[in-house]
Every structure is written in structure tokens, then in C-alpha cells.
There are 4 protein chains.
Amino acid sequence: MNVYVMTLRCDDRPGIVHATSGAIVALAGNILENDQFTDVATGQFCMRTRFASAADPSSVTARLETDLAGFSPVLGLRLEHERRRCLVMVSSFDHCLADLLYRREQGDLPLDIVAVVSNHPDLAPLAERYHVPFHEVPVSDETKPDAENHLRNLLAAYAVDFVVLARYMQILSPELCAQWSGRIINIHHSFLPGFRGARPYHQAYERGVKLIGATAHFVTSDLDEGPIIEQDVVRVSHAHRPLDMVSLGRDIERTVLARAVRLVAEDRVAIVGQRTVIFSQ
Amino acid sequence: MNVYVMTLRCDDRPGIVHATSGAIVALAGNILENDQFTDVATGQFCMRTRFASAADPSSVTARLETDLAGFSPVLGLRLEHERRRCLVMVSSFDHCLADLLYRREQGDLPLDIVAVVSNHPDLAPLAERYHVPFHEVPVSDETKPDAENHLRNLLAAYAVDFVVLARYMQILSPELCAQWSGRIINIHHSFLPGFRGARPYHQAYERGVKLIGATAHFVTSDLDEGPIIEQDVVRVSHAHRPLDMVSLGRDIERTVLARAVRLVAEDRVAIVGQRTVIFSQ
Amino acid sequence: MNVYVMTLRCDDRPGIVHATSGAIVALAGNILENDQFTDVATGQFCMRTRFASAADPSSVTARLETDLAGFSPVLGLRLEHERRRCLVMVSSFDHCLADLLYRREQGDLPLDIVAVVSNHPDLAPLAERYHVPFHEVPVSDETKPDAENHLRNLLAAYAVDFVVLARYMQILSPELCAQWSGRIINIHHSFLPGFRGARPYHQAYERGVKLIGATAHFVTSDLDEGPIIEQDVVRVSHAHRPLDMVSLGRDIERTVLARAVRLVAEDRVAIVGQRTVIFSQ
Amino acid sequence: MNVYVMTLRCDDRPGIVHATSGAIVALAGNILENDQFTDVATGQFCMRTRFASAADPSSVTARLETDLAGFSPVLGLRLEHERRRCLVMVSSFDHCLADLLYRREQGDLPLDIVAVVSNHPDLAPLAERYHVPFHEVPVSDETKPDAENHLRNLLAAYAVDFVVLARYMQILSPELCAQWSGRIINIHHSFLPGFRGARPYHQAYERGVKLIGATAHFVTSDLDEGPIIEQDVVRVSHAHRPLDMVSLGRDIERTVLARAVRLVAEDRVAIVGQRTVIFSQ
């Protein structure tokens, strides 16, 4: 038996679930998980269905496309065991990359980390330890276009499904953001929308907040403004100095990013306008 | 248009979703929410479907029963605006009852609190303030059978759907528990399975735990052992004495109970063996 | 024996603890709790000491003032059983006021709520139920100065120690804020600094955050910018509409406000620059 | 200037703070942090004082011992920069060890990990990567006394201050537990006192709890019963199978253990009867 993960998004109207479940019955399939949501603000319907069937992928695709044609859906389909291919970008901080590599090795993250790209050489040994190819792509104001072309080539060469900015300290061009819309995840080290921009822990200290947080979001050309995937916070006190917050923040950053990456790797995230729909376990 | 909430439980096999969605299409309906779960341990399939249809309740029931007959399901159906009828039992502590009455008044709890029953007269004024009938049903070892008969009469007279023990300090008989299986919710003032039985906050103090909690669960004849609906915890320190924990615990108890009651009132809780399936928002 | 709560703030230098503990020894006293903090950013030293002594208040004050004169401290002293006097201001939402009154009645809040002031008559019955005087002081742009004079008279007449804005929807004048600096607590229904200003839950929905929060802070003339006393958050999903967030938010607002009020009532909050030091239990 | 951390425990009576602060004044010192607690159940007084002084350690010790002799205290004193020496014991699971080593390298944990001891060879490469000596000490029923003698020799040779059982799957003898009482930290993969003993995540799944947790505690001869240092929980749903809980649990285990180890390494934990007093930041 094959296990498939199907995602679907279209305008909401009656009959979608029936048409989908009918296609699966026709494929002699059995639904294992099904989640759906109708967003009243946009009128969009989203669904994620995990099902088993002996049919091969091309038959399944053909059947779904035929039976659902009337709804003009955006359809996604993959065999569950064919893992998403992810490229991670970093600068010098290693805690997020180290955590992603560790979790993948433990079997906690169902994805393939196909390459690490950095504007610094520092984290090459970490990637090497986990046998992941490491590419140094330095970036300066002058070389940015070239660097992004290099990156585009790597994304194509590795057949990358999505990109993770694991504390990558460079800003991607609006063109690249638009091209990879909904497929680049960033971790911001604050509880957005508070403390946008640089040195958020220092901002948090100045403001005297009692909780600090981290936010994983899709990247858009509007810095720190893309759809939020996951957030969490940790309590701090007056006794925590900015560097203590940096240290506490590392834990939250890596945890929040790992959760977001897992959700995306399992096709559990749909984007509806500026917001995400999360089909969590 | 009518909005319906349907619940279904049966042995898992292919075709249930298709049959259900087919029935809804036949009723010219539209699915608004759909949640399902297959429990691999028991092989049970559970589903909650909220849908809109112009059809009347008897037509809907007839259609669903006919189309789903092959699966021998346990079916539930109600119009969403027909609220569940709940009877609350208390002793002398008022925080859980006060909170349930307040939330219902605010419109946060979609249910009707049809009566309050207590073995003490103390909380009569509180019920009265919210215009809910109050019945004092004293209980002693000798009068317990009579008291439970009185209670049974009240449950019938008020056409009660489910019972909430909001810090009710008496133990119900095994017969009553069995009769109302899956329809009596209790709040226990500890994070079960830790600190079963009496004076859990004092037990927690003695043991020196760093978090205390509360547990809402269905009542079975096995005390503090029924399927858990909801739990939560709050942090305590060495400086909290047992009475401080009682005070902190009140917050957790009322919050956890309110969440559990809401889930049950919205038909979001299925029981599978000794565990619950929660179709949360 | 009398139990005293002393607070102290001064520039940090050696010998303060020794001078204080020496004064307490001289008063034949025993320290029950002691908390202190040195803020490196401002060089300020803060301390809260709870101690028992048979000496009367004027002797204690005299001794402390004499022995600590060299440090030019801001000193506070009160008998623990002489509770702080608090005036609560509200508009039409009742959840924060209801919670404060309930907790005080339960013995969870060691303070006296001496009066409730509102710009609407709606919550008079709630105050009355707890036998707390209620004063309606309507406010319009023209009457604001008169209204604030009325308020000042009430604050004097009731010998108020601090004011709680429990979802009071009017903005106090900069003069009043300055006059009562560090003695007015507000609850803002967002996790500041995110979503300042009006309709924060709607802003949170638009932005698609995964946690919403509440913030209790001291009031300054700079709206939503005073020193933060306490904050907390609750998880939301894509399925929560703004009104669901309002409902969930009520729980967080009342909890966060009650914690902040308790901390202030027990003299556990010191202000150092724009930040608070919390001497929690 | 030297920075010292002093800890003190004795029967509570008036004058301890004054005597201590007097000694520090006599040493021309300045108190940087001071925390104290009087446990009413046992009548014990505990204090942790961090202070700066130009005096050398032997002068400081002499002065404190002289001035505090009347209270017969248990005194601890160390230079803050002289880090605690910690030996970590593991079996095959690496997540807790990997986390401790990583945090120490990042500068998040102020201690020295002087050696790793395991009954399996599996984690030798991990220790080696961080340049920490690794000792394989196999244990069977017959060899246990010899193995513990070997361990005792290592503890002496490395001048170990405290031991961390980072998912070490062997039970230490009552003699060793007694000898190292208050100096061995264990991480148990459940929210104690729930789910003592083996396979706690499977127990948690069977019971259908909605939160799972981890507990760091001091080891006594009574398995899983020693004084608790730190606990935390994470939410689970009906959809999480035991192996999912194992995966989620890894995060909680490593976080809780790291917090507990840090508290002990900074002398922030006092034991009073069966409970701990935590002087947290």
C-alpha cells in the first residue's frame, strides 16, 4: 500500500469533501487523516488528507485532477515516504542549525536537509559532521545579485522544496522572496509584531517585558511581516540582562523553528491571505 | 438554513467519509467543519461534522441513518442552536460554579445550566443570582440511595444531557456512574494520575512539586480514574504553603473545568476506550 | 508581635543590608522575608523586608530613618495587617472588576477595595453586591477637567493608596498621570509592545499571531508605555475569530491584572527607570 | 576584587542576616545578590549571598566561621569563577548529554564537565567531540559492586562536586546514594509523582493524559522519590502515540535537566527535608 498526503485549496462551495472522498473510494483507498478549514474572511477552503491506496502516483493524480476539476483547486500530492527537500541558510549562530540536524538524525523531522548555505565559513564543520554539503556564498552589497544567482543555481541543483533561514543575517532580495513565496521560513528572535528589526532582546530588556519570544514565519519582501507559522514565549525577570535573554532565547528560537519546519515538511501549513492555517497533529 | 452538529463512532473501514459527505450533498448541505480520528489501538473511527442544510432534523436523521447503516455507527445529531442541558452539582466551594454561571451569562459557554444540586444550602444565593433553580439534596450514608433517587428524578425532570461535578464532595454510587457513563464530568484538583484522593494540594506540598494542576475527567465507578478531558498546571515555588496552593489551584480548576464543559457542550469529545479524542477549535 | 513590610530604594553602596538588619536587631526583630536587587543599568538598589518586632510603628520608623539616613533612601513602612486601599475604575466590561471583587472576598487579595468609579452606571449592581461604594463620574471632552477634580476628591476622601484601571475606557490627563505616577495600574488587552491602541484582538487576528496576551502596567502620560508589571499569553489558532479572541482574552486579562494588583498590594513591585523589579513569592 | 558565593543553612533565629552582613562589611565587601528563606515546616533558615570583596578566600572563610559560629550553620563558600566540577553518567540515549555539552560550550552553563561515564560505549564519540574524557564502566548484577568502586575512584580522581544522571539506565546502590546524598541529579521522563518506574510515556499514553512532563530530582535510595529540583510539561493530544511522546519528551527532558544542573552549579538549590528551596535568578 502507498500512503499519500494530498493538499487542496480552492474557493469554498458544497461538494468538495464528497468529490475528494469519492476519488479516494474509486482508488480503493482509505482516509487515515483528514483536516479542513473554511476561512470566512477570504472564502477559501483548505484541506489536507492522508490516505492509503494501492494505486500508483500517476493514477492518483489523474483521478484527483479529473474528479476535482470543477472546483479549480490548487492541488498538492506526494507519497508520504518521499520526504520534502530542505536547504538551510545560516550565518554564524549555530543553535538552530545544530538543532535541525540533530532532530533529523533522531528521526524527529521527516525531511531531507540537502544542503547548508552560509555567508560565513564558520558552520562548515557542523554540516560536515552530519554529512550535509556546505556551500559558502559570501554576500556584500556589490555581490548580492551574483550571490543570489549562485543560490538559485543551488536551489535548482538540489531540487529544493523549501528554504529555512536558521538565523541567516542577510536580507534576501524582493525578487527572490516573491519567486519563493510561501517556501522560505525565517526564525525571528522576538514575539512579533513586538520588537521588529535588529537586537530584539536588547529592545525587550529596555522595555522591561516579562516574557520574551520567537516567531517562525514565511518570508515576504516586507521584512518580519510574512504569515506567522509558530510562536512561543519564555518568562524573564528584572534580573535577566540582555545577554541572559539571548541565552534563554536560543532555546525558544530552536524549538519554535523546529516545530514550524516540521509542520511545513508534513504539508500541515496552508496560507490564506496574510495568515496561516495549521493542521496540527 | 439549519446548522447541524453530527457525531459518529464506528469501526474504521473505507468509505465512511464518502458516505457521510454523500448524505450531506443529498441534503443540499455544505460542510462547515469536519474533524475525524482513527484510533489505531482500538480500531475505532470518530468523526464530528458541522454542516448547514435547509432540510429538517427528521429528514437529516433519516438520510444519515439510511446512508450510513452499513457501518453500524453510533450517531449523534442536533441543531447547533439547541443547546445541551447541563446540571451542576456542588458542595460548599463556589469558584467553579461561579465561573460556569458567569461564562454562560457572557455567552462564552454554549449550553443551558438548567439546575444546581447541592448537599449543602450555601450556594443557593449564587444560583439564585443567575436565576437558576437550586435543589438541596442532603446526603448521608443512610440516605444515599434516597438522595440518588431524588437526583435521578431531577435529571429526568430537567431533561439533562450531562452533569458537571463542580467540586461536589460526595461520591456517586457505581450504579449511577454506570448509568450516566460518559455524561458526568468531574474536576479533580490535581494533575492526575498524581495525588489521587483527598487533600491533593497538601500532598503536593509534602512532595515538593514545582507545578500543581487540575484535571477534568469523565466519572466512572473507579474514583479519579475516568477518561481525561482536559488538564493544566501552574508553577509553584518552595514559598507556597498548602493554602497558597489552594488559592492558585482555584484558578486552574475553574479554567480547566470550563474548557472541558465547553468541549462536551459542543460535542467535541469522543471516548475511545479509557482515552478521549478532542476535536478542538 | 507586629509584622512589618519595609521597602527601600537608594543608590547602591556597601553597608545597606547591614544597617537595615542592625536596625531590626536593635528593635528585637526577626526578618521573615528579605528580597533585594541591584540594577546595574541605573545603579539603584531596591529591597523589601518583612520582619516581626514588638516595637510600635513610630519607634520602628524612627529607628530605620536614623540608622539608614546615610543612604538617603526612599523608605516605605507599614504594618502588614493594614491593607493597602485601592480604588477601581471601570467602564462597561465587568470581567476584571468581578474577578477582583471575588478574589478579595475569597481572601486571595490582601487589600481593601474602597470604592468603584465608572463613567457608566452599568456596573453599579456588581459593586453593590459586594457592598463597595459606587460612584458614577461621566466624562466627555468638555467635562473632563471637572470629572478629574471629582476623582481627585474621591481619591482624597477614601485615602486611596493606588488606583486600578480595570478596563476603564477613558484616557486620564497627563497631569493626573504625573501626580499619581507609580500608583495607577492599567490592564491592556494585548501583549505589549505589540498591538498598542484600539481593538488589539482585531489587530491580532489580522496579523495572524499564534498567541494573544495581556499586559498590566503602570500608567504614564505616554499611552500603553508605562513600566510593565505582569504579562501572560494564551494560544490561539486560525479557527479563532476576533470575538473568540475577546472571549479567551477575558481570562488572561483578569488573571494578569489580579496578579499585578496583588504584587502592588503586597509592596512587591519597585520601579527602576522604565522597568519594574518584582519581588515575587 | 573577588566575587564569592556563600550558602548557609541553620535553625532560624534572629540575627543571622545581621551577623552575615556584618562579616561582609568587616571584609570591606559589597553584597551583589542575597536570597533567603525560612521554612516554617522544619524551622530551617537558608541563605545564598553573592558578594564582592578584595579579601582572599581563607580570610573570608575565617571571618564567616567566627562571626556565624553562634548559629552553628552549614556553610558553603567558593569563588564564583571556580566552577563546580560535574561528572555525567549516561547509557545510550544522547539527547541530554548532547544538550549539556552544547550549553557548556556556548557558555550557558557555568560548570566544568570533567568526565562522562557510561555502561555502554555508544556515546564515546559525542564526549570526544567536546574533548571530555569518556569512561566505559559496564554494569551487571555480578559486577555492580566492582563497577561502583570504579565509579568512586573516578569521582575522587576528578574531584567531582556533583553527578548528573543524564538518562542513565542503571540503579545506583543505596550506599552510593547515601554517600552522595544531595549531590546526584537524575532526570526522570515523567511528571512525578505520576508514572513512576519504567516506560512512563507508554503509561501516559494508556492513561490518556493531556500533558506529559519531566522531573529533575536529587537521587535517594528510594527510586524516583528524592527532592524535586525542576519540572515542566508539554501538551499532547489523542493523536500522539507513545513514540511521538518519546520524541516530544526529549525536548522537555533536556530543558528541565539543563535548568536543574544550572541551578545546582550556581549553588541556588537548598534541600530542606524532602523539598528543595530554589533561589532562582
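Thresholds applied
- Residues numbered from 1 in each chain as written.
- Chains lettered and ligands numbered in written order.
- Predicted model: local features only at pLDDT ≥ 70, side-chain atom pairs only at ≥ 80, totals over all residues.
- Heavy atoms only, no water.
- Helix = DSSP H or I, 4+ residues; strand = E, 2+ residues; numbered from the N terminus.
- Rg over C-alpha atoms; globule rule 2.2 N^0.38 Å.
- Buried < 20%, exposed > 50% of the residue type's maximum accessible area, 1.4 Å probe, protein only.
- Contact = heavy atoms within 4.5 Å.
- Buried area = accessible area lost by both parts, 1.4 Å probe.
- Salt bridge = Lys/Arg side-chain N within 4 Å of Asp/Glu carboxyl O.
- Nonpolar A, V, L, I, M, F, W, Y, C, P; charged D, E, K, R; others polar.
- Domains from an automatic or database assignment.
- Polar contact = N/O pair within 3.5 Å; in protein donor to acceptor, adjacent residues only side chain to side chain.
- Pairing = 2+ DSSP bridges.
- Right-handed = clockwise from strand over helix to strand, strands pointing away.
- Least-squares fit on C-alpha atoms with pLDDT ≥ 70 in both.
- Axes fitted to C-alpha atoms, helices over the stretch in contact; angles between N-to-C directions.
- Parallel < 35°, antiparallel > 145°, perpendicular 65-115°, else oblique.
- Left-handed = near helix turned anticlockwise from the far one by under 90°.
- Phe/Tyr/Trp six-rings, centres within 6.5 Å; stacked < 30°, edge-to-face > 60°.
- Lys NZ or Arg CZ within 6 Å of the ring centre and 35° of its normal.
- Expected span 1.5 Å × (residues − 1).
- Bend = angle between axes of the 7 residues up to and from the residue.

**Here's the deal with the overall build of chain A**
Part 1 of the reasoning: Within chain A, the secondary structure is distributed over eight helices and 13 strands.
Part 2 of the reasoning: The globule rule puts the C-alpha radius of gyration for 281 residues at 19 Å, and the 20 Å found for chain A is close to it.
Part 3 of the reasoning: Projected onto its principal axes, the C-alpha positions of chain A cover 60 × 40 × 35 Å.
Part 4 of the reasoning: By residue count, 58% of the 281 residues in chain A fall in the buried class.

**Some details on the interface of chain C and chain D**
By a frequent convention, interface size equals the accessible area lost on bringing the separate parts together.
Part 1 of the reasoning: Listed as interface residues are 17 residues of chain C and, on the opposing side, 17 residues of chain D.
Part 2 of the reasoning: Summing both partners gives a buried area of about 1,300 Å² for chain C against chain D, and 53% of it is carried by carbon and sulfur.
Part 3 of the reasoning: Our count for the chain C to chain D interface comes out at zero salt bridges.
Part 4 of the reasoning: At the level of secondary structure, the elements contributing two or more residues to the side of chain C that touches chain D comprise helix 1 (16-26) and strand 2 (30-39) of chain C.
Part 5 of the reasoning: The biggest single contributor to the side of chain C that touches chain D is strand 2 of chain C, with seven residues.
Part 6 of the reasoning: Grouping the constituent residues of the side of chain C that touches chain D by class yields five nonpolar, nine polar and three charged.

**Side note on the domain arrangement of chain A**
Residue and element names in this part refer to chain A.
Part 1 of the reasoning: Domain assignment breaks chain A into domain 1 (2-79) and domain 2 (84-278).
Part 2 of the reasoning: Each of domain 1 and domain 2 has a C-alpha centre, and these two points are 30 Å apart.
Part 3 of the reasoning: A per-residue breakdown of the area domain 1 buries against domain 2 is headed by C46, R48 and R78, which together make up 49% of the total.
Part 4 of the reasoning: There are three salt bridges connecting domain 1 and domain 2.
Part 5 of the reasoning: Of the charged contacts in the structure, one is a salt bridge between D267 and R78, with a shortest N-O distance of 2.5 Å.
Part 6 of the reasoning: The interface formed by domain 1 and domain 2 holds seven residue pairs in polar contact (both at pLDDT 80 or more) in total.

**Quick notes on the pairing of strand 5 (residues 84-90) of chain B**
All names here are of chain B.
Part 1 of the reasoning: Counting buried positions along strand 5 yields five of seven residues, so the element is predominantly enclosed.
Part 2 of the reasoning: Direction of pairing for strand 5 relative to strand 6 (residues 111-118): parallel, over a ladder of seven bridges. The residue bridging V90 from the neighbouring strand is S118, located in strand 6.
Part 3 of the reasoning: Traced from strand 5 through helix 3 (residues 95-106) to strand 6, the parallel crossover comes out right-handed.

**What about the pattern of salt bridges?**
Residues and elements named next belong to chain A.
Part 1 of the reasoning: In this structure the tally under the stated criterion is 92 salt bridges over all chains.
Part 2 of the reasoning: E33 is the partner of R48 in a salt bridge, and the nearest nitrogen-oxygen pair spans 3.6 Å. Of this pair, R48 sits in strand 3 (residues 44-53) while E33 sits in strand 2 (residues 30-39), placing them 15 residues apart in sequence.
Part 3 of the reasoning: Linked through salt bridges whose partners overlap, the residues forming this network are E33, R48, R50, E80, R262, E266 and R268.

**Things to note about the relation of the copies chain C and chain A**
Part 1 of the reasoning: In the superposition of chain C on chain A (RMSD 0.0 Å, axial shift 0.0 Å), the rotation amounts to 180 degrees. The superposition of one copy onto the other is thereby described by a two-fold rotation axis. When C-alpha positions in chain C are compared against the rotation axis, the closest is assigned to G194(C), at 2.3 Å.
Part 2 of the reasoning: Take the interface residues of chain C: 100% of them recur as interface residues in chain A, which is what a same-surface contact looks like.

**Some thoughts on the interface of chain C and chain A**
Part 1 of the reasoning: With 37 residues of chain C at the interface, the matching set in chain A holds 37 residues.
Part 2 of the reasoning: Buried surface at the junction of chain C and chain A, both sides included, amounts to about 3,000 Å², of which 55% is carbon and sulfur.
Part 3 of the reasoning: Broken down residue by residue, the surface that chain C buries against chain A is led by R207(C), H238(C) and R275(C), which jointly contribute 26%.
Part 4 of the reasoning: Summed over the shared surface of chain C and chain A, the number is six salt bridges.
Part 5 of the reasoning: When the shortest N-O distance is used, the salt bridge between D232(C) and R235(A) registers 3.8 Å.
Part 6 of the reasoning: Looking at the side of chain C that touches chain A, the elements that each hand over two or more residues are strand 2, helix 7 (200-207), strand 11 (228-235) and strand 13 (275-278) of chain C.
Part 7 of the reasoning: Classifying every residue of the side of chain C that touches chain A by side-chain character gives 17 nonpolar, eight polar and 12 charged.

**Considerations on the sheet that holds strand 7 (residues 134-136) of chain B**
Residues and elements named next belong to chain B.
Part 1 of the reasoning: Taken together, seven strands build an open sheet; the order of strands is 7-6-5-8-9-10-11 and the sheet is mixed. Each of the sheet's edge strands pairs with one partner strand only, and the pair in question is strand 7 and strand 11 (228-235). Taken pair by pair, the neighbouring strands of this sheet meet at an average axis angle of 20 degrees, ignoring direction.
Part 2 of the reasoning: In this sheet, strand 7 lies alongside strand 6 in parallel orientation, the contact comprising three bridges. The residue bridging V116 from the neighbouring strand is F134, located in strand 7.

**Quick look at the side chain of H188(B)**
Residues and elements named next belong to chain B.
Part 1 of the reasoning: Structurally, the position occupied by H188 is in strand 9 (residues 184-188).
Part 2 of the reasoning: The class of H188 is buried, set by a relative accessible area of 5%.
Part 3 of the reasoning: From its side chain, H188 meets the backbone oxygen of F195 in a polar contact 3.2 Å long.
Part 4 of the reasoning: Excluding its chain neighbours within four sequence positions, the residues that come into contact with H188 are F195, R196, G197, P200, A214, T215, H217 and D224.

**Observations concerning the packing of helix 3 of chain B against helix 8 (residues 242-265) of chain B**
All names here are of chain B.
Part 1 of the reasoning: Helix 8 packs onto helix 3 with a crossing angle of 45 degrees between their chain directions and a minimal axis gap of 9 Å. Regarding the angle of helix 3 to helix 8, the classification is oblique. At the point where helix 3 passes helix 8, the crossing takes the right-handed sense. Judged by residue contacts, H95, C96, D99, L100 and R103 of helix 3 engage R250, E253, R254, T255, L257, A258 and V261 from helix 8.
Part 2 of the reasoning: Among the residues making up the contact of helix 3 with helix 8, the classes are represented as five nonpolar, two polar and five charged.

**Regarding the packing of aromatic side chains**
Part 1 of the reasoning: Under the criterion given, the structure shown has six aromatic pairs over all chains.
Part 2 of the reasoning: Ring geometry for Y4(A) against F51(A): centres 5.4 Å apart, planes inclined by 25 degrees, an arrangement best described as stacked. With Y4(A) in strand 1 (residues 2-11) and F51(A) in strand 3, this residue pair connects regions lying 47 residues apart in the sequence.
Part 3 of the reasoning: In this structure Y4(A) comes out as buried when scored by relative accessible area, which is 0%.
Part 4 of the reasoning: When its relative accessible area of 0% is taken as the criterion, F51(A) is described as buried.
Part 5 of the reasoning: When the ring centre of W180(B) is taken as origin, the NZ or CZ atom of R183(B), which lies over that ring, is 4.0 Å away.
Part 6 of the reasoning: We note R275(B) situated over the ring of Y205(D); from NZ or CZ to the ring centre the distance is 3.9 Å.

**Side note on helix 8 (residues 242-265) of chain A**
Residues and elements named next belong to chain A.
Part 1 of the reasoning: The terminal C-alpha atoms of helix 8 lie 33 Å apart, and with 24 residues this matches the ideal 34 Å at 1.5 Å per residue to within 8%.
Part 2 of the reasoning: Maximum bend of helix 8: about 30 degrees, positioned at G249.
Part 3 of the reasoning: Buried residues dominate helix 8, accounting for 17 of its 24 residues.
Part 4 of the reasoning: Immediately beyond the C-terminal end of helix 8, within one or two residues, lies D267, with a positive phi of roughly 60 degrees.

**Section: the packing of helix 7 (residues 200-207) of chain D against helix 8 (residues 242-265) of chain D**
Residues and elements named next belong to chain D.
Part 1 of the reasoning: Here helix 7 crosses helix 8 at 120 degrees, and the two axes come no closer than 9 Å. As summarised for this structure, helix 7 and helix 8 are arranged oblique, according to the angle between their axes. Seen from above, helix 7 lies across helix 8 with right-handed handedness. Along its contact with helix 7, which presents Y201, H202, A204 and Y205, the element helix 8 presents P242, M245, V246, G249, R250 and E253.
Part 2 of the reasoning: The residue inventory of the contact of helix 7 with helix 8, partitioned by class, reads six nonpolar, two polar and two charged.

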